[in-house]
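# An overview of the molecular structure
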Amino acid sequence: MIPPRDERPVSPQQKAIAQRLVGQETLLLEYVHKLEKHRRGRRAVQVRLSGLQPINRREHHIRIAVNTFETLVKQLKGQIFSLSNADLVFIFKEAVLDEVEAAIVKLRFLFSDDPMLLDEGANGKPAFADWFLLERDYETLLQLAQRVATEEQQRRTNEFAKGFSKQMARPVSRGDPLTPQMLGKLEEHLARADLANMMRRQAVCAIVGGSPPQPVFHELFISIADLRETLLPNVNLASSPWLFQQLTETLDRRVLSLLNKHDDRTVAGDVSINLNVQTLLSPEFLTFDDNIKASMRGTIVLELQKVDVFADLGAFLFARDFAHDRGYRICIDGVNVESLPFVDRERLGLDLVKIVWDPLMVEGILPNGSTLSSYIDRCGPSRAILCRCDNQQAVDCGQGVGITLFQGRHVEAMLAAETQKSKGVLTRRR
Amino acid sequence: MNVPVPSATGPEIVTQESLLLGAAERIDRIRQGRLAIHVHLSRLRPQNRQDGHIRIALRMLEPMINAYRGQMFLLGNSDVVFMLKDPNLTDVENMVFKLRALFSKDPLTFVDKGDGRDNFCTWFDLGVTSDYEAFVGMSRTVTEEARQRSRDKAKARVELPPIDPTGLGEVMEALAAIDVSGMIRRQAAIVIDGTSAEVLFQEFYIAMAELQKALAADMNLLGNRWLFQHLSQTLDLRVLSALQDMALRKRPNMFSLNLNIASVLSKQFDDFEKSESTRSALSVEFQVLDVLADSRGYYAARERLREVGHQVVLDGLNELTLQFMDVTQFDADLYKVTWSPEMGEGEHGDITAAAMAPLGMEKILLARCDSESAIQWGLNQGIQRFQGRYVDAMLAAYTMAGCNKSSACTLGQCIARHGVVAGPMRSECGNNDMLDSSPSMRMPKPRRTPEATA
């Protein structure tokens, strides 16, 4: 916890930005208001995923849960709201009650090992699912919607304020530090394990003004969080920057061999993969290169870590020239607001710079005293990607300095919301 | 391509070289319209001709070999020889140009020896008898060399495999149990002001070869950059502790230490600082790599050091970092640039000098000066600070000139004894006071080269 004196007051302007954000909670509240005159024949169910163990309510669990209602949403039989506390609210027409009950059964099964479902109902513990008959329970549902919307707004405002004081404290380390011995065992394991199910893709999107995000390419990577959860749950993998760098290199090589092995057209263009300079010159990369149609290389982005680029500039320049000759684009990854002044995109001959979002960026000043917006100007607005955007503030701030490419959990959420909105349009048309 | 047997042990009966010679002899009667090119990749700097580089070079050439029914040979010394039939010469020239461009950061492609010869590759128009004979002659020579190499290989030392995480764990455990003071070395840097030269600081560091011998006889500690970085954090703390116990007759005016950023914020650093506070000034050298990895830490460490009057040095700069980064952004007190003989080469040297200018020549130290020409070049650019083997020799010679025990020693011995801070080598010296003194030297007037004065 950060002591209160470290928290800077939230300015009215910051508050306004935070409040402008439209979350699922706000959408739920609006929708419930709209249903005031259409209560007949409608029901709702609240699925309390928030009561599950954290390990059971990770992003992909929520995604699976939301997908359970996908068919009904597509048939325009109901609307799903995925709240930021992980709870789901599904509002639907009575005619599909059976299907909804079936979906809840599926979810109960999915999470049946979780303590929440094991002691459900015991000692007055809340149920996994709560049902509402709108004709009878409209007011209760409305209160629920109002409560979650207020809580969410509060949470966002607080989070925003906290972002500023984050720099005071170094990131809190979770778990025991990673030792070389543990890393050795981990690498041995990685050599044998099938990592295909830990492979993730995340979109890098163009977001211009208020228009919806447009995916430009997808980054393929192995989820470190999943890996930690599965293999070393009590270890802080990032405790040593250098051991972590060694680990990510091992993972990057594994991604490359996965892509070489699986002929599943994952690499159908418009993707980015993480590589290190030595791997770019390896036989594995040449195999990868062989499998890619020449016309497609221009749409493939190779991401190199900043430390790898600067560890041996000569080797980097050689690899860069080779990759450019083959038609690939090169992105430097992991640049943060502090290291930005050292990365001269043009001099280094890089195509893209990936900047890690940090709430400090709101101040708009770099450590060398120049402004972030002048850096982006020099870099070229379409050549900077703001990544790890966890909230709307990141996108707003990025747009404010001229950035147009964004990546991160919030961008994923925006994409999902967009999909949902387009479904909403269909409903109205009907 | 003919598949080579990479570093196979035992005598190689069929080598790429002997296959090349066979092919060269076979085409004697059908050599009209054939072209051969010998690409001298063996002349590249070792760091520019590692497996990865060679692999990429072969990959670049492959399409052309396929297009012109060619044959390609990768020789044991990394040279590549290929033959083509009726090629389009513009195609070939373009490909060679591209290949040369890929190695444009290596002196091989930019240093002009002045003899008008192309050092990067040799062309043989096999239809011309003299060219053909030269080609067969070259093939014979390389085949003989390969045979010689495979004979020597049995005697040669095997290359150690790079350290792995498990090995690192063992090394770190072993490190906790040994005394590192015997592995500490020192090297002075000087500042030349007009006609006199003073010692600027003494840099203290761990001799990697010694550490390697003591801790990891069967693996290369430097073979994995990230794992070595991790090890170096622990090494820092050990060196900081050992330096406090060091018995010198005279402490240097200024200590210079190579440290990780995190080490500056350690208890061991505070302790060292306290123990030296009344005796010596302090200079801390950081690596570019470390600054990039933890820029926030760098800013904090820089402030912390400057606050108490210590000097912040950016270490390990070279011609490339100067050209491809805006080094002024580091805002250090001193920048260490590694000397390379190519800096003396016309245009290339001018580019390097121009890249140094924004830093201010008074903030540059030319490191690894192993010859008089290094110092000469630096002085001509306005650089005053130097370090390296040539400087070691100057200091030792000066020490010997004023030492009453010098008749018993050679210059080599004096240089070596200056480098250590403990152990038998130091006790062999009859005058430790002289060894630890920082003599002030008189310098000859810098000789100016005609171009520099013009």
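Residues numbered from 1 in each chain as written. Chains lettered and ligands numbered in written order. Predicted model: local features only at pLDDT ≥ 70, side-chain atom pairs only at ≥ 80, totals over all residues.

### A few points about the domain arrangement of chain B
Residue and element names in this part refer to chain B. Just so we agree on the cut-off: Domain delimitation follows an automatic or database domain assignment. The contact rule is simple: place each C-beta atom from the backbone, and if two of them lie within 7 Å, those residues are in contact.
Examined at the domain level, chain B breaks down into domain 1 (16-153) and domain 2 (165-453). Using only C-alpha atoms to locate each centre, domain 1 and domain 2 end up separated by 41 Å. In this assembly, 4 residues from domain 1 lie in contact with 4 residues from domain 2.

### Quick look at the sheet that holds strand E12 (residues 352-356) of chain A
Residue and element names in this part refer to chain A. We apply this condition: When DSSP finds two or more bridges between two strands, those strands count as paired. What counts as a helix is a DSSP run of H or I of at least four residues, what counts as a strand is a run of E of at least two, and both are numbered from the N terminus. A fitted line through C-alpha atoms serves as each axis, taken over the contacting stretch for helices, and the angle formed by two N-to-C directions is quoted from 0 to 180°.
Here we have 8 strands rolled up into a closed barrel, ordered E6-E7-E9-E10-E11-E12-E13-E14, and mixed in their pairing. With strand direction ignored, the average angle separating the axes of adjacent strands in the sheet is 30°. Bridge count for strand E11 (residues 329-335) against E12 is 3 bridges, and the pairing is parallel. In the strand pairing of E12, Cys-331 is matched with Leu-352.

### Considering the interface of chain A and chain B
Contacts between the two partners involve 37 residues from chain A and, on the opposite side, 36 residues from chain B. A per-element tally of the side of chain A that touches chain B places helix H14 (residues 313-326) of chain A first, with 7 residues.

### Some thoughts on the sheet that holds strand E2 (residues 71-74) of chain B
Residue and element names in this part refer to chain B. Read from one edge to the other, the open sheet built from 4 strands follows the order E2-E3-E1-E4, with strand pairing classed as antiparallel. Only two strands of the sheet have a single partner each, and these edge strands are E2 and strand E4 (121-125). Each adjacent strand pair in this sheet contributes to an overall mean axis angle of 10°, direction not counted. Summarising the sheet, strand E1 (residues 34-39) and strand E3 (residues 80-85) pair through 6 bridges and their orientation is antiparallel. Of the residues in E3, the one forming a bridge with Arg-34 is Lys-85.

### Details of the confidence of the model for chain B
Residue and element names in this part refer to chain B. Note the following rule: The score called pLDDT rates the predictor's confidence residue by residue, from a low of 0 to a high of 100.
On average, residues of chain B carry a pLDDT of 89, and 94% of them reach 70 or more. This stretch, residues 1-12, has a pLDDT under 50; its non-local contacts, to residues over four places away or in other chains, come to 10 contacts. With pLDDT under 50 throughout, residues 450-454 is counted as low confidence; its partners more than four residues away or in other chains account for 2 contacts. Our summary of model confidence lists the complex with pTM equal to 0.74 and ipTM equal to 0.86.

### Quick word on the domain arrangement of chain A
You can read the domains of chain A as domain 1 (4-160) and domain 2 (177-418). Distance between the C-alpha centres of domain 1 of chain A and domain 2 of chain A: 33 Å.

### Overview of the pairing of E1 of chain B
Residues and elements named next belong to chain B. Threshold: Residues with at least 20 neighbouring C-beta atoms inside 10 Å of their own are called buried, those with 12 or fewer are called exposed, and the rest are partly exposed, where every C-beta is derived from the backbone.
Among the 6 residues in E1, 6 count as buried, and that is most of the element. Residues of E1 alternate between two faces, with Arg-34, Ala-36 and His-38 on one and Leu-35, Ile-37 and Val-39 on the opposite face, all of them buried. When E1 meets E4, the two strands line up antiparallel, connected through 5 bridges. The residue of E4 that forms the bridge with Ala-36 is Phe-124.

### Examining the pairing of strand E11 (residues 364-367) of chain B
All names here are of chain B. Formally: A right-handed crossover is one whose linking path, passing over the helix from the first strand to the second, runs clockwise when the strands point away from the viewer.
Of the two faces of E11, the one holding Ile-364 and Leu-366 and the one holding Leu-365 and Ala-367 are both buried throughout. Examined bridge by bridge, strand E10 (residues 334-338) and E11 share 4 bridges and lie parallel to one another. Across the sheet, the residue bridging to Tyr-335 is Ile-364, located in E11. For the crossover from E10 across helix H14 (residues 346-356) to E11, the handedness is right-handed. Examined bridge by bridge, E11 and strand E12 (residues 385-387) share 2 bridges and lie parallel to one another. By the bridge assignment for E12, Leu-366 is matched with Phe-386. Remark: the E11/helix H15 (residues 372-381)/E12 crossover connection has right-handed handedness.

### Focus: the packing of helix H3 (residues 59-68) of chain A against helix H5 (residues 97-110) of chain A
All names here are of chain A. Put simply, the test is: We call two directions roughly parallel when the angle between them is under 35 degrees, roughly antiparallel when it is over 145, roughly perpendicular when it lies between 65 and 115, and oblique otherwise. A crossing counts as left-handed when the near helix is turned anticlockwise from the far one by less than a right angle, and as right-handed when that turn is clockwise. Side-chain classes are defined by residue name, with Ala, Val, Leu, Ile, Met, Phe, Trp, Tyr, Cys and Pro counting as nonpolar, Asp, Glu, Lys and Arg as charged, and the others, Gly among them, as polar.
At their nearest, the axes of H3 and H5 sit 9 Å apart, and the two run at 160° to each other. For the element pair H3 / H5, the angle class is roughly antiparallel. Crossing handedness for the pair H3 and H5: right-handed. Residues Ile-64, Ala-65 and Thr-68 of H3 form the contact with H5, whose own contacting residues are Ala-103, Lys-106, Leu-107 and Leu-110. Considering only residue class, the contact of H3 with H5 consists of 5 nonpolar, 1 polar and 1 charged.

### Focus on the nonpolar core
Grouped burial of nonpolar side chains is what soluble globular proteins tend to show. Note the following rule: Linking buried Ala, Val, Leu, Ile, Met, Phe, Trp, Tyr and Cys residues through C-beta atoms within 7 Å yields a set, and such a set is a nonpolar core.
Grouped together as the largest cluster of nonpolar side chains are 179 residues, with contacts concentrated most on Leu-302 and Leu-386 of chain A together with Leu-366 of chain B. Apart from residues no more than four positions distant in its own chain, Leu-366 of chain B is found in contact with Val-337, Trp-339, Ala-374, Gly-378, Ile-383, Arg-385 and Phe-386 of chain B. Judged by nonpolar contacts, the second largest core, of 32 residues, contains Leu-29, Val-32, Phe-90 and Phe-111 of chain A.

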